[in-house]
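The residues making up each chain are set out below.
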Amino acid sequence: MADVYLNGEKLGRHEGGFTPFNFEITTLVRETANSLIVKVDNQRRREGVPTLNTDWWNYGGLTREVKLVETPATFVQDYFIQLQKGSRDHISGWVKLNGDRLNQKVTVRIPEAKVSRSFNTDANGFAEISFPADLTLWSPDNPKLYEVVIEMEADRVPDLIGFRSIEVKGPEILLNGRPIFLRGVSIHEEAPFRGGRAYSKEDATTLLGWAKELGCNFVRLAHYPHNESMVRQADKLGLMVWSEIPVYWTILWETTLHSRTPRRN
């Protein structure tokens with residue numbers, strides 16, 4: 001759990017230690033002499049996630065990067081771009097803007113595939129995207145990544161995406177429509193040559209490089225979401241990823257279900 005303060009004002013609280021979070025600071029940040037305080041509590045609780053039972057070291061403090069992100073007044077807040085379910089030549093997804101001019105044109109480009117498609121966001125800054133594309137699909141033998149660029153009037157977000165389809169048919173896992181036999185190992189987010197969490201690109205390259213040397217084509221990132229470097233390096237090295245959330249062992253399901261049950265008058 002983390003409580004974050006800037007210049008004496010509480011920005012908010014984040015529960016859970018394994019996923020990124022952010023807070024808006026535009027109205028509180030000063031030109032100079034800013035004070036940022038993060039109060040971190042790694043105490044396990046019976047009703048928490050993860051719960052009291054565990055088989056990994058629960059590090060305290062800040063174990064990943066802290067960044068100050070500067071954006072235009074209107075910017076690309078989030079996006080989701082992948083192969084359309086059931087297809088291997090059609091892309092679908094969405095883009096979400098944030099700011100003071102939410103209704104505008106957004107362009108999605110994949111330069112190497114000679115794709116450029118534009119869409120108009122609605123009054124909420126949201127636009128669904130859908131278009132055909134002739135792509136080389138990602139696989140462990142050929143981990144092809146495409147630069148995908150999302151552009152709008154004042155913002156530009158590049159990403160590297162490996163397009164693939166994953167399905168289950170009976171006992172088989174199908175990658176791009178073909179059965180694949182998974183050969184892998186389980187990896188914890190432990191730094192390979194020092195104490196503490198693995199968090200950097202170098203850490204990820206070392207840990208995943210060892211998996212590749214063993215002949216793996218996939219890794220299980222246990223028991224919680226690992227840092228972004230692990231997933232991105234796995235994409236580059238040709239490793240499929242089994243990601244987890246820390247929900248197991250003595251979870252108070254009754255409390256969880258009760259809290260999600262709508263009240264009736």
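### Concerning the pairing of strand β4 (residues 75-83)
- In the sheet, β4 pairs with strand β5 (residues 90-98) via 8 bridges, with the strands oriented antiparallel. Bridge pairing in β5 links F75 to N98.
- Here β4 hands over to β5 after 6 residues, with G86 in that stretch at a positive phi of 85 degrees.

### A closer look at the sheet that holds strand β9 (residues 146-151)
- With antiparallel pairing, 4 strands are arranged side by side in an open sheet as β7-β6-β9-β10. Two strands in the sheet have a free side with no partner beyond their single neighbour: β7 (115-120) and β10 (156-161). Between one strand axis and the next, the sheet turns through 20 degrees on average, direction left out of account.
- Of the pairings in the sheet, the one linking strand β6 (residues 105-110) to β7 comprises 6 bridges and is antiparallel in character. Pairing of R109 across the sheet is with S116, part of β7.

### Remarks on the pattern of salt bridges
- In this structure the tally under the stated criterion is 15 salt bridges.
- R13 is the partner of D3 in a salt bridge, and the nearest nitrogen-oxygen pair spans 2.7 Å. Of this pair, D3 sits in strand β1 (residues 2-6) while R13 sits in strand β2 (residues 9-14); the two residues are 10 residues apart in sequence, bridging distant segments of the chain.
- According to the relative accessible area criterion, R13 is partly exposed, its value standing at 46%.
- With its nearest N and O atoms 2.9 Å apart, the salt bridge here joins R232 to D159.

### A short note on the packing of aromatic side chains
- Counted by the stated rule, this structure contains 8 aromatic pairs.
- Each ring, one from F21 and one from F23, has its centre 5.7 Å from the other, and the planes form 70 degrees; the classification is edge-to-face.
- When its relative accessible area of 37% is taken as the criterion, F21 is described as partly exposed.
- With a centroid separation of 6.3 Å and 50 degrees between ring planes, the pair formed by Y146 and F163 is classed as tilted.

### Section: the pairing of strand β14 (residues 184-187)
- Pairing of β14 with strand β15 (residues 218-221) involves 4 bridges; the strand directions are parallel. For V185, the partnering residue across the bridge sits in β15 and is V219.
- With helix α1 (residues 201-213) bridging β14 and its parallel neighbour β15, the resulting β-α-β unit is right-handed.

Cut-offs applied
Residues numbered from 1 in each chain as written. Predicted model: local features only at pLDDT ≥ 70, side-chain atom pairs only at ≥ 80, totals over all residues. Heavy atoms only, no water. Pairing = 2+ DSSP bridges. Helix = DSSP H or I, 4+ residues; strand = E, 2+ residues; numbered from the N terminus. Axes fitted to C-alpha atoms, helices over the stretch in contact; angles between N-to-C directions. Salt bridge = Lys/Arg side-chain N within 4 Å of Asp/Glu carboxyl O. Buried < 20%, exposed > 50% of the residue type's maximum accessible area, 1.4 Å probe, protein only. Phe/Tyr/Trp six-rings, centres within 6.5 Å; stacked < 30°, edge-to-face > 60°. Right-handed = clockwise from strand over helix to strand, strands pointing away.

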